[in-house]
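Reading the structure
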Amino acid sequence: MDPSEVPPPLALVDVTKSFGSVRALRGLSLELRAGEIHALVGENGAGKSTLVKTIAGVHRPDTGQILSDGEPAVFAAPADAQRAGVAVIYQEPTLFPDLSVAENIFIGRQPRARLGTIDRARMRAETAEAFARLGVDIDPDRPANGLSIADQQLVEIAKALTRRARVLIMDEPTAALSGVEAERLFTVARTLRDAGSALLFISHRFDEVFSLCDRITVVRDGAFVSCDPTADLDVDTVVRRMVGREVTSLYPKEEAEHGDVVLEVEALTRTGVFADVSFSVRAGEIVALAGLVGAGRSEVVRAVFGVDRYDAGSVRVAGDPLPAGRPKASIRAGMALVPEDRRHQGLVMEESIGRNATSTRRRVLSRFGLLGARAEHAEARAWGERLNLKYGSLDDAVSTLSGGNQQKVVLAKWLSTEPRVLFIDEPTRGIDVGTKAEVHRLLSTLAGQGLAIVMVSSELPEVLGMADRVLVMHEGRITAELDRAQADEESVMYAATGQRPSEAA
Amino acid sequence: MTHAPATAPESTAGAPPGNGGRPARTRRRFREIGVLLAVVLLIAATWLHNPGFLSTQGVRDLFLGATVLVILAIGQSLVLITRNVDLSVGSVLGLSAFGTAALFAALPGLPVPVGMLAGAAIGLLCGLFNGLLVTTVKVPALVVTLGTLYIYRGLDHWWAGGRQINAADLPAGFLQLGRTGLLGIPLPALTAIAVAIAIGVYLSRYSSGRELYAIGSNAEAARLSGIPAGRRVVLAFALNGALAGLAGVLFTARYGTVDSTVGTGMELQVVAAAVVGGVALTGGVGTVFGAVLGGILMTTITAALPIWQIDPFWQQAVVGVLILAAIGLDRLLALRTARRLRGGGARGA
C-alpha cells in the first residue's frame, strides 16, 4: 500500500493551541498511517498530552486542521473523535469506580438487546474475550474501585481493544505496567497494526519505542522537530533532539558519606500484604526497593510512614521507636513521603502551586495563627528556584504544570520540612528525560547532604543507577539485599520473580 | 530497561484471591436487604404490639402515607446518582399540588387525566429549569436548587394569594383516585410501584440510565468517554421534577384541601429517605429499590411511633439516628469492600 495514494486515517496539519498565555502547540503536524505504529516522544510539557487531547476531541485546535481519511474533520467533543474511529488510552486511567469493569469498558456504547436494554451477557462475554487476549485475569463483574493502577490501565487497554478503533492513541500506557503486561500490550499493538490500524505510541521508555514503533516523531516546546523511520535513528539522536542539548548523564550518582543509621525497620508484617520486612537506612544512603508491580513495596513504605497500619514489627527513627499508624508523628520524627500517585495523594490539583508547595509548613509560615499569601509565596518561590521549577505564576493551579514539575512541587513541599528520611515512591514515573535527570541529580545531592532516601522504583536502570543498596521484594517479602556492586539487571530480576539463578533456565 | 521476568508467571493483575466474585453488587444488595429487614421488623413488631396496625384501613394508610415520599425519593435518587441534589422538590410538589387544584377549580369540565398531566407538566418545567441552570451556569446544584426552592415557593404563594382550595371545588372523579384501588392497594400506591419499576429498569438496564451512574462516579472520565453529561443531568432533573409534579397531583387527590404551604420542608425528608435507602450523596451509588425502601421505612416509623406511644417529639430524633446509622453502615461496608478488593496483591504472609 503506497501511503501517498491512500489518505492516512488521521492527520494533523499545522495545529496550534494556546491556554491563556501558554502556547501548548505551535504549528504541529502529524500523520498517522494505516498499518503503522508511530512513536511520539518529547519532554514533559512538550505538548504531547495536549496533542492527544486534541486528537481525542477534548480540546479544539485554535488554528490548523484535523484530517480524517484526508477529509477535514471537526472534533468538537470526544464523541466526534470516537465516531471517526479514534480510541485513546490516557496516561491517567479514566475509570468509573462505582461501575463494574465490564460497564467501564462499554460505557456509552453498550450492546443492546431487545427493547433497547443493555445486553449484559454480551458485554460480559466481550470483556472476558478482551481480557483473554491481553492475558489478564480480572473479573468483568467486579467494580473498578480498588483496582491497582496497572489493572486500571489494562482495563483502559481492553476498552480500546473492544472499540476496534482504526486509530489508537496510547499516552504512556506502560508507565504502570510490569514487563510481562507491557509485552502483552505490545503483542496486541502489533496485531492491530498488522490488521491495518494506525497507532500512536507515547512513552518515555526508549527500549519500548525502538522495539515497537515504525516511525518516531520528536516534538519540543509544542513544535515539530523531526519525523524519521525508526531504523534511521538511535537513542542518542532522539534524546538530543528532544532536549535540544546534550544529556550528559542520566544517573548522576555522587558518592556520599554514609553516617549513622537513621531508620530501622524490624520484622514489619501486615497480614496478607507483606511479611517480616526488615531493613535499615543510614544517613546519606539511597536504598531502593525494587520488585514487580504488586510486590508490596509501596505498601511497606506507607506502613512505615504510618499512612497504613501494620500488624507486627517495629519502626525506629534515630533509635527512637515510632508509634504505628500516625503520619504526624512520622513527620515530626523527620520523615517525608512522596507518594506514587501524585495527582491524588501528593497534591491538591485545583489548589495553587504556592499553596501546594507550602502545605506542610502552614503552621511555621503563619503569624498569630493567620497564614499570609506573602509568606507562602516567598517560601514557594525560594523552593521553586532551588528545584528549577518551571511555572507561570505561583497562583496557577498545580494541575497546569507538567508531570515533572508537579513532582518538583511535591518534593518542595516535603523537603521544606527538612526531613531526615525521605521516602519517594516511583520518583520519575511519567516524567521526561530532562526532568528525570534533574530529579536524580537532586536526590543524589540530597543524599550527599546527609538525607537518608528510600526509593521505590519499577525502573531497573533507575534502581541500578541511583541506589547504594537494593532491596528486592517478591510477593510481600524481601528476597534479596544487594550492594551497589552486586546489583545488576539479572540479580535483581531473579529476586523479583522469586527465583534463584540456578533454578532459572 | 525491561524488567520482564525470565519466565512468564501469572499476571500481576489483581483479580481478588479465590472467588472474590461480585463484591460491589453483593454489598449493594446487602445494603438494601438491611433496610428491608428493618421495615419488616418494624412492621411485625408494631403489629404484634397492636394488631390494629395492619387492619385493612391500617395497610391502606401505610400505602397512601408512603406514596408521596417514595415517588419523591425515586426522583431524588436520579439526581443524587449524578452527584447533584435537588432541594426544590418540596416547593415543586407544592406548586404542582396547588396548580392542579386551581386548574380543576377554574375549569370544572376539565377531564381528570388532563388535569393530572398538567400537574406533572408543572413539575417537569420546574425540573427542567433546575437542570438547565445547573448545567449551563455550572453552579453547584445545592445552591441553584436552594434558590429555586424559594422561587417556586414564592410563585406558589403568589398564585394562591392566601387562598385555600377545598375538596368541594374538585371533581369527584379526581378525588375518587385516592380511594379506589386494586387488591387493597390504593391507586396512588400502584402509581408509585409503576414509577419504581419504570425508573428502576431505566437505571439498571438502559445505557442512558447507566450513564447517570458514570457521571456521578467520575465526571471527567464521563466527558472523555463521550457521554453527553450535560444532557443527561438535565434529563435527571427534568424527570425528578415531573415525578415531584406527579407526587403533587397525588397529594391533592388524597387530601382534597390544598394551600400554598403544601410540601414545605419536604426536601430534606426526601434526601434523608434516599440516603437511608443507600443512595450516596457522593454520586454513582444507589438503586431505586433502595430509595423506595428508604421512603417506606421513614413513613412506617412515623406511623408506628404513636402506636408505641412514643412522644412525637422523639420522632425526628429517631429519623436522625436512622440517617446516621445508615451512613455509618455505608461507610463500614465500603471499608470492608475496599479491603477485600485491595486483597488483589496480597500474597505476602
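Here the structure is a predicted model, which means the values were calculated and not measured. (Residues numbered from 1 in each chain as written. Chains lettered and ligands numbered in written order. Predicted model: local features only at pLDDT ≥ 70, side-chain atom pairs only at ≥ 80, totals over all residues. Heavy atoms only, no water.)

**With respect to the overall build of chain B**
Helix and strand content of chain B: 13 helices and 2 strands. Evaluated residue by residue, chain B yields a buried proportion of 51% over its 349 residues. Partitioning the intrachain contacts of chain B with sequence separation of at least 6 by distance along the chain shows that 80% fall at a separation of at least 24. (Helix = DSSP H or I, 4+ residues; strand = E, 2+ residues; numbered from the N terminus. Buried < 20%, exposed > 50% of the residue type's maximum accessible area, 1.4 Å probe, protein only. Contact = heavy atoms within 4.5 Å.)

**Let's talk about the sheet that holds strand E18 (residues 452-456) of chain A**
All names here are of chain A. On the basis of which strands lie adjacent, the open sheet formed by 6 strands has the order E16-E17-E18-E13-E19-E20 and mixed pairing. Two strands in the sheet have a free side with no partner beyond their single neighbour: strand E16 (335-338) and strand E20 (477-483). Adjacent strand axes in the sheet meet at a mean angle of 20 degrees, parallel and antiparallel pairs treated alike. Where strand E17 (residues 421-425) lies against E18, 5 bridges are found, and the strand directions are parallel. Across the sheet, Phe423 pairs through a bridge with Val454, a residue of E18. Across the sheet, helix H9 (residues 297-305) is in contact with strand E13 (286-291), E16, E17, E18 and strand E19 (469-474); its angle to E16 comes to roughly 145 degrees. (Pairing = 2+ DSSP bridges. Axes fitted to C-alpha atoms, helices over the stretch in contact; angles between N-to-C directions.)

**So, the pattern of salt bridges**
All names here are of chain A. Per the stated rule, a full pass over the model turns up 23 salt bridges over all chains. With a shortest N-O distance of 3.6 Å, Lys159 and Glu156 are connected by a salt bridge. Residue Lys159 and its partner Glu156 are located together in helix H5 (residues 149-162), separated by 3 residues, close to a single helical turn. One exposure class covers both Lys159 and Glu156, and it is buried. Salt bridges here are not isolated pairs; linked through shared partners, they connect Arg193, Asp194 and Asp214. (Salt bridge = Lys/Arg side-chain N within 4 Å of Asp/Glu carboxyl O.)

**Concerning the packing of helix H2 (residues 56-81) of chain B against helix H10 (residues 229-255) of chain B**
All names here are of chain B. Contact pair H2 / H10: the axes reach a minimum separation of 7 Å and the direction vectors enclose 165 degrees. Compared by their axis directions, H2 and H10 come out roughly antiparallel. Seen along the crossing, H2 lies across H10 with a hand that is left-handed. Residues Asp61, Leu64, Gly65, Thr67, Val68, Ile71, Leu72, Ile74, Gly75, Gln76, Leu78 and Val79 of H2 pack against Ala236, Phe237, Leu239, Asn240, Leu243, Ala244, Leu246, Ala247, Leu250, Phe251 and Arg254 of H10. (Parallel < 35°, antiparallel > 145°, perpendicular 65-115°, else oblique. Left-handed = near helix turned anticlockwise from the far one by under 90°.)

**Brief notes about the confidence of the model for chain B**
When pLDDT is averaged along chain B, the result is 84, and 89% of the positions lie at 70 or above. Scored below 50 in pLDDT, residues 1-24 of chain B makes 57 contacts in the model with residues more than four places away or belonging to other chains. (pLDDT = per-residue confidence, 0-100.)

**Some details on the side chain of Ser226 of chain A**
All names here are of chain A. Relative to the helices and strands, Ser226 is located in strand E10 (residues 223-229). In this structure Ser226 comes out as buried when scored by relative accessible area, which is 9%. Within polar-contact distance, the side chain of Ser226 engages the side chain of Arg241 at 2.9 Å. Non-local contacts of Ser226, meaning those with residues more than four positions away in its chain, are made with Ile216, Thr217, Val218 and Arg241. (Polar contact = N/O pair within 3.5 Å; in protein donor to acceptor, adjacent residues only side chain to side chain.)

**Quick word on the packing of aromatic side chains**
What characterises a pair of aromatic rings is the spacing of the ring centres plus the angle enclosed by the ring planes. For the coordinates displayed, the defined rule picks out 5 aromatic pairs over all chains. On the numbers, 6.1 Å between centres and 85 degrees between planes, the contact of Phe305 of chain A with Trp414 of chain A is edge-to-face. Pair noted here: Phe305 of chain A is in helix H9 and Trp414 of chain A is in helix H15 (residues 403-415), with a separation of 109 residues, a long-range link. The pair formed by Phe305 of chain A and Trp414 of chain A is uniform in burial state, with each residue classed as buried. Note that Arg210 of chain B overlies the ring of Tyr213 of chain B, its terminal NZ or CZ placed 4.4 Å from the centroid. (Phe/Tyr/Trp six-rings, centres within 6.5 Å; stacked < 30°, edge-to-face > 60°. Lys NZ or Arg CZ within 6 Å of the ring centre and 35° of its normal.)

**Points about the sheet that holds strand E12 (residues 274-282) of chain A**
All names here are of chain A. One open sheet accounts for 4 strands, arranged E12-E11-E14-E15; its pairing is antiparallel. If you trace the sheet from one side to the other, it starts and ends with E12 and strand E15 (320-321), each paired once. Packed on one face of the sheet, H9 meets strand E11 (261-270), E12 and strand E14 (312-317) and runs near 70 degrees to E12.

**Brief notes about the pairing of E12 of chain A**
All names here are of chain A. Pairing geometry for E11 and E12, over 6 bridges, is antiparallel. Paired with Leu268 across the strands is Val277, a residue of E12. A loop of 3 residues connects E11 with E12, the two strands running antiparallel in sequence, and Gly272 in this loop sits at a positive phi of about 85 degrees.

**What to know about the environment of Leu401 of chain A**
Residues and elements named next belong to chain A. Looking at the element boundaries, Leu401 is found in the loop between helix H14 (373-386) and H15. Spatially, the C-alpha atom of Leu401 lies 33 Å from that of Leu134, the residues being 267 residues apart in sequence. Not counting residues within four places of it along the chain, the set of residues in contact with Leu401 comprises Ile353, Leu389, Lys390, Tyr391, Gln406 and Val409.

**As for a positive patch on the surface**
Residues Arg326, Lys328, Arg332 and Arg363 of chain A make up a contiguous surface patch of positive charge. The residue Lys328 of chain A is located in helix H10 (residues 327-332) in this model. (Patch = residues over 30% accessible without salt bridge, like charges linked within 9 Å, V, L, I, M, F, W, Y side chains within 5 Å. Areas by Shrake-Rupley, 256 points an atom, 1.4 Å probe, with all protein chains shown as cover. Lys, Arg positive; Asp, Glu negative; His and termini not counted. Charge placed at Lys NZ, Arg CZ, Asp CG, Glu CD.)

**Thoughts on a nonpolar patch on the surface**
Residues and elements named next belong to chain B. Residues Trp308, Ile310, Phe313, Trp314 and Val318 make up a contiguous nonpolar surface patch of about 490 Å² in total accessible area. You can see Trp314 is positioned in helix H13 (residues 313-342). Here Trp314 falls in the partly exposed class, since its relative accessible area comes to 47%.

**A short note on the pairing of E13 of chain A**
Residues and elements named next belong to chain A. With 6 of 6 residues buried, E13 is to be regarded as a mostly interior element. The two faces of E13 match: Ile286, Ala288 and Ala290 on one face and Val287, Leu289 and Gly291 on the other face are all buried. Here E13 runs beside E18; their pairing, made up of 4 bridges, is parallel. Following the sheet pairing, Ile286 is matched in E18 by Ile453. Relative to E19, E13 runs parallel, the two being bridged by 5 bridges. Across the sheet, the residue bridging to Gly291 is Met473, located in E19.

**What about H14 of chain A?**
Residue and element names in this part refer to chain A. With 14 residues, H14 extends 20 Å from end C-alpha to end C-alpha; this agrees with the ideal 20 Å at 1.5 Å per step. Looking at H14, one finds that the buried residues are Glu376, His377, Glu379, Ala380, Trp383 and Gly384. Those residues of H14 that are buried lie in contact with helix H12 (353-357), helix H13 (362-365) and H15. Trailing H14 by a residue or two, Asn388 shows a phi angle of about 60 degrees, which is positive. (Expected span 1.5 Å × (residues − 1).)

**A closer look at H9 of chain A**
Among the 9 residues in H9 of chain A, 7 count as buried, and that is most of the element. Taken together, the buried positions of H9 of chain A are occupied by Arg297, Ser298, Val300, Val301, Ala303, Val304 and Phe305 of chain A.

**Description of the nonpolar core**
Grouped burial of nonpolar side chains is what soluble globular proteins tend to show. Leu72, Ile74 and Leu203 of chain B are the most contacted members of the largest nonpolar core, which has 80 residues in total. Core analysis: the next-biggest nonpolar cluster, separate from the first, contains 78 residues, Phe279, Val281, Tyr310 and Ala412 of chain A among them. (Core = buried A, V, L, I, M, F, W, Y, C linked by side-chain atoms within 4.5 Å.)

**A closer look at the confidence of the model for chain A**
Looking at chain A, pLDDT values average 84 and 93% of them are 70 or higher. Of all helices and strands in chain A, the one with the weakest mean pLDDT is H13 of chain A (72), whereas E18 of chain A scores best (93).

**Quick notes on unusual backbone geometry**
With a phi close to 55 degrees, Asp14 of chain A is a non-glycine residue in the positive phi region. One can find Asp14 of chain A in strand E1 (residues 10-19).

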